[in-house]
Amino acid sequence: MEHIKNYIDQHKDRFLEELFSLIRIPSVSASPEHKEDMVRATEALSKGLLEAGADRAEVYSTEGHPILFAEKILDPALPTVLVYGHYDVQPADPVEKWKSPPFEPEIRDGKIYARGADDDKGQLFMHLKAFELMIKTSSLPCNVKFMIEGEEEVGSPNLGKFCSDHKDMLACDVILVSDTTMIAPDIPSITVGLRGLSYLEVEVTGPNRDLHSGLYGGAVANPASMLCKMIASLTDEKNRITIKGFYDDVLEVSQEERAEMAKRPFDLEEFKQSIGIDREMGEEGYTTLERLGIRPSLDVNGIWGGYTEKGAKTILPSRASAKISMRLVPNQNSRKIDRLFEEHFKSIAPAGVNVSVKSLHGGEGYVSPIDTPEYQAASRAMEDTFGKKPIPVRSGGSIPIISTFEKVLGVKSILLGFGLDSDAIHSPNENFPLFNFYKGIETIPLFYKYFSEMKK
Ligand code: BES
Ligand code: MN
Ligand code: MN
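Read on for a plain summary of the structure. The structure displayed is predicted, hence computed values, not measured ones.

### Observations regarding the coordination of the manganese ion (ligand 2)
Phase 1 of the analysis: Only His-86 (NE2), Asp-119 (OD), Asp-179 (OD) and Asp-179 (OD) from the protein reach the manganese ion (ligand 2) as donors, at distances of 2.0 to 2.4 Å.
Phase 2 of the analysis: Geometry at the manganese ion (ligand 2) is irregular, judged from its six donor atoms and the angles of 56 to 165 degrees they form at the metal.
Phase 3 of the analysis: Read from N- to C-terminus, the donor residues coordinating the manganese ion (ligand 2) fall into the pattern H-x32-D-x59-D.
Phase 4 of the analysis: The distance between the manganese ion (ligand 2) and the manganese ion (ligand 3) comes to 3.6 Å, and Asp-119 binds to both of them.

### A word on the coordination of the manganese ion (ligand 3)
Phase 1 of the analysis: On the protein side, the manganese ion (ligand 3) has Asp-119 (OD), Glu-153 (OE), Glu-153 (OE) and His-426 (NE2) as donor atoms, found 2.1 to 2.5 Å from it.
Phase 2 of the analysis: Viewed at the metal, the six donor atoms of the manganese ion (ligand 3) are separated by angles of 55 to 153 degrees, and the geometry they form is irregular.
Phase 3 of the analysis: Along the chain, the residues donating to the manganese ion (ligand 3) are arranged with the sequence spacing D-x33-E-x272-H.

### So, the site of ligand 1
Phase 1 of the analysis: Among the 18 residues in the neighbourhood of ligand 1, the closest are listed as Glu-152, Asp-179, Arg-327, Ser-398 and His-426.
Phase 2 of the analysis: Between ligand 1 and the protein, one listed contact pairs an oxygen atom with a side-chain N or O atom of Asp-119 at 3.1 Å.
Phase 3 of the analysis: Residue Glu-153 places a side-chain N or O atom 3.2 Å away from an oxygen atom belonging to ligand 1.
Phase 4 of the analysis: Out of a free accessible area of 520 Å², ligand 1 has 89% covered by protein chains.
Phase 5 of the analysis: By residue class, the composition of the shell around ligand 1 is four nonpolar, nine polar and five charged.

The rules we used
Residues numbered from 1 in each chain as written. Chains lettered and ligands numbered in written order. Predicted model: local features only at pLDDT ≥ 70, side-chain atom pairs only at ≥ 80, totals over all residues. Heavy atoms only, no water. Donors = N, O, S within 2.8 Å, 3.2 Å for Na, K, Ca; no water. Tetrahedral: all angles 85-135°; square planar, octahedral: opposite > 155°, others 65-115°. Near = heavy atom within 4 Å. Polar contact = N/O pair within 3.5 Å; in protein donor to acceptor, adjacent residues only side chain to side chain. Areas by Shrake-Rupley, 256 points an atom, 1.4 Å probe, with all protein chains shown as cover. Nonpolar A, V, L, I, M, F, W, Y, C, P; charged D, E, K, R; others polar.

Set out below in structure tokens:
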């Protein structure tokens, strides 16, 4: 595949410059003050796709941030690949923890440092450049569609409707997504599972005002203390979740499949060292990889209430809150889990406090089979460029819209991710190695080639 390597070689600096201009647009979907930046990002992408050779590119407004659709139809009789990605990024805070400004991309030690360098601007941009490469070298073997959204990081609230409203426009044979990780630069892998998500906010309220803790303490239920007790009781001594019915729909993975999973290289010491902990923790009876890939989990994302400023203030707070999320496995339903959580949480409220529960967002998990033409095409493509057959792995992360694609469009997705766990996505100093960026551009055209050949 000399034409691929040659094209990348001749244009590699321009590819980077173009990616950098996209990264410089601070398209943070969670912050209303970036509304205009979201529009600018779609315009930049739309221009890029038209210059690369798309027949048309159109920006669709939604109740939230716009969605970009573009396509190149060679012949309706040929197979069609639909590329999905997101141009929105997570907020950059805490900004003071960044070594270089989050929206001014910088290369250090062979890595691009910036918010969105990996998630998902860097990974999405590989697809734009692979598309350009196939057009300019006359090697595009099939039709291509792009659907790029700006609300993935806030739960894709408008994309499901967009899909059901535009089923014909989005018709395709496979959805191709680069928004996940691989094991290591020398250990290629393909993600075949994603976890679902159920995200809630709870509030515990007690007395009608903050009270003097000497005049009332010991005689009145303290909402902050009660919230802590309630949260602590959500998992037991085996680190299993205690919500009634929580595990009912969890599919147990067979011993054979677990044995297969265990063959995947994983260094527990390095895992612990990379995040600065001396001991891992999780559900009894499962390994760390199983806890992440095939088991659900529950985490407090934030907790607040009462006096948190400097010094001491002797009060008994009138209210306390927490944000709690649960990662779910395939076959669990996020709405049902929301309901079970709410019933359970209310049932364990001690006398003297009231509890309210609000669902923030959620979505379902995903598994993809490996005996399909699309998986085989992805596997062959990676084997060609990395020199090793990729390992199928289940990831602990979530991209809830992937299960919606299957439900609404009836099409499976291939999660061909080139990120690394060490890319610090959602954290300060997010980065994406140049090696992975260029390898992605090299691998994607091979996926198109093998997929089109197998679909003939
Ligand atoms: N790209 C990530 C998801 C991801 C990363 C999956 C690495 C597998 C490996 C995506 O942008 C993301 O952050 N998803 C959110 C879910 C969303 C509903 C906010 C997540 O997993 O927290
Ligand atoms: Mn992402
Ligand atoms: Mn993300």
